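Observations on the three-dimensional arrangement
Below, each chain spelled out in residue letters.
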Amino acid sequence: MNRGRLITIEGIDGAGKTTLAAGLLEALLARGIEVELLREPGGVPAAERIRELVMDPNLHVAARTEALLYAGARAQLVEEAIEPRLSRGTWLLLDRFIDSSLAYQGAGRRLGIDAVRAINEFAIRTAWPDRTLLLLIDPRLGRSRSRSRTAAPDRLERERDDFFERTVHAYLELWSQDPERIRKIDAGDPPEEVLAAALRELADLL
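Residues numbered from 1 in each chain as written. Predicted model: local features only at pLDDT ≥ 70, side-chain atom pairs only at ≥ 80, totals over all residues. Heavy atoms only, no water.

When you go through the protein residue by residue, the secondary structure sums to 8 helices and 5 strands. Traced from its N-terminal end to its C-terminal end, the protein shows the element sequence β-α-β-α-α-β-α-α-β-α-α-β-α. Taking 2.2 N^0.38 as the reference for a compact globule, 206 residues should give roughly 17 Å; the C-alpha atoms of the protein span a radius of gyration of 16 Å, in line with that estimate. In terms of principal-axis extent, the alpha carbons of the protein reach across some 45 × 35 × 35 Å. Looking at the 206 residues of the protein, the share that counts as buried comes to 50%. Here the contacts in the protein between residues at least 6 apart in sequence split such that 78% fall between residues at least 24 apart. Surface summary for the protein: the accessible area is close to 10000 Å², and the carbon and sulfur share equals 51%. Put simply, the protein has 30 plus and 34 minus side-chain charges, and the middle of one group is 2 Å from the middle of the other. (Helix = DSSP H or I, 4+ residues; strand = E, 2+ residues; numbered from the N terminus. Rg over C-alpha atoms; globule rule 2.2 N^0.38 Å. Buried < 20%, exposed > 50% of the residue type's maximum accessible area, 1.4 Å probe, protein only. Contact = heavy atoms within 4.5 Å. Areas by Shrake-Rupley, 256 points an atom, 1.4 Å probe, with all protein chains shown as cover. Lys, Arg positive; Asp, Glu negative; His and termini not counted. Charge placed at Lys NZ, Arg CZ, Asp CG, Glu CD.)

In this section: the sheet that holds strand 4 (residues 131–136). Across the sheet, 5 strands lie side by side as 2-3-1-4-5; this open sheet has parallel pairing. Among the strands making up the open sheet, the edge pair consists of strand 2 (35–39) and strand 5 (182–186). The average angle at which neighbouring strand axes cross in this sheet is 20°, direction not considered. Along the sheet, helix 1 (residues 17–30) contacts strand 1 (6–10), strand 2, strand 3 (91–95) and strand 4; its crossing angle with strand 3, the most-contacted strand, is approximately 165°. Strand contacts of helix 7 (residues 161–177): strand 1, strand 4 and strand 5, with the helix running at about 130° to strand 5, the strand carrying the most contacts. (Pairing = 2+ DSSP bridges. Axes fitted to C-alpha atoms, helices over the stretch in contact; angles between N-to-C directions.)

Another point: the side chain of Glu83. Take Glu83: it is sitting in helix 3 (residues 63–87). Polar contacts involving the side chain of Glu83 include one to the side chain of Thr126, which spans 3.4 Å. Apart from residues no more than four positions distant in its own chain, Glu83 is found in contact with Arg3, Val78, Thr126 and Ala127. (Polar contact = N/O pair within 3.5 Å; in protein donor to acceptor, adjacent residues only side chain to side chain.)

Ranked by internal contacts, the top residues of the largest apolar core, which has 60 residues, are Leu20, Leu24, Ile82, Phe97, Tyr104, Leu133 and Leu135. Residues contacting Tyr104, with those up to four places away along its chain left out, are Gly11, Ile12, Asp13, Arg96, Arg109, Leu156, Phe163, Phe164, Thr167 and Tyr171. (Core = buried A, V, L, I, M, F, W, Y, C linked by side-chain atoms within 4.5 Å.)

On to the pattern of salt bridges. Using the criterion set out here, one finds 14 salt bridges in the structure. In this structure, the salt-bridge partner of Arg5 is Asp130, at a minimum N-O distance of 3.6 Å. Taken together, the positions of Arg5 in the segment before strand 1 and Asp130 in the loop between helix 5 (113–124) and strand 4 put the pair 125 residues apart, joining distant regions of the chain. Under the relative-accessibility criterion, Arg5 is labelled partly exposed at 29%. (Salt bridge = Lys/Arg side-chain N within 4 Å of Asp/Glu carboxyl O.)

Negative charge collects at one region of the surface, where Asp186, Asp189, Glu192 and Glu193 lie side by side. Within the secondary structure, Asp189 sits in the loop between strand 5 and helix 8 (191–201). (Patch = residues over 30% accessible without salt bridge, like charges linked within 9 Å, V, L, I, M, F, W, Y side chains within 5 Å.)

Contact geometry of helix 2 (residues 45–55) with helix 3 gives a least axis separation of 9 Å together with a crossing angle of 160°. Between helix 2 and helix 3, the angle falls in the class roughly antiparallel. When the axes of helix 2 and helix 3 are compared, the crossing they make is left-handed. Across from Pro45, Ala46, Ala47, Ile50, Leu53, Val54 and Met55 in helix 2, the residues of helix 3 making contact are Leu69, Tyr70, Gly72, Ala73, Gln76 and Glu80. When the residues that make up the contact of helix 2 with helix 3 are grouped by side-chain class, the tally is 10 nonpolar, 2 polar and 1 charged. (Parallel < 35°, antiparallel > 145°, perpendicular 65-115°, else oblique. Left-handed = near helix turned anticlockwise from the far one by under 90°. Nonpolar A, V, L, I, M, F, W, Y, C, P; charged D, E, K, R; others polar.)

Quick look at unusual backbone geometry now. Following Glu40, the chain continues into Pro41 via a peptide bond in cis, with omega recorded as 5°. Within the secondary structure, Pro41 is located in the loop between strand 2 and helix 2. With a phi angle near 85°, Arg96 is a residue other than glycine that sits in the positive phi range. Checked against the element boundaries, Arg96 lands in the loop between strand 3 and helix 4 (98–108). Here the phi dihedral of Arg125 falls at roughly 55°; this positive angle occurs in a residue that is not glycine. As for its position among the elements, Arg125 is in the loop between helix 5 and strand 4. For Arg125, a relative accessible area of 48% translates into the label partly exposed.

Shown next as structure tokens:
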């Protein structure tokens, strides 16, 4: 049995990751691919407990603690859900994964991309994405979209503009280092065009 594919969707808050993930799920199922959508952090009970901690805007969580909590949730998701499904040949769509920590904690929190990469490589082991779709959007537009949601902003969404500027710069740096895996998509386009662009970037895997 062929191993499944791990497709991750990255970008700052408000870039449209959730919308694209839902569209891709429907499109891949229509092509007869066995595929599941998981969220991150979360996706399994222990990781969902960690999600509650890192998302709670009323908690003070130090930057290093935050990075370790994300890596811990990721390790549990890999152990309990990602590796078993990939081994069975199932494709997985993930709304965020390791690149989020490299950009948000490594650059946004100024912990250093290499330091955050080390703990996350330990967490995910061999579960590297086969393809990462990076949704790029002006941070101001992304924040405007995030503020329009009915849910209260989480801890990360409450950060200042310079935090998100560092995060976007880090995403671009990661893309420049690995353009074969990470594919840029203009998230300012209409959702149907973003979905079409994403499918083009997955064509070689399909």
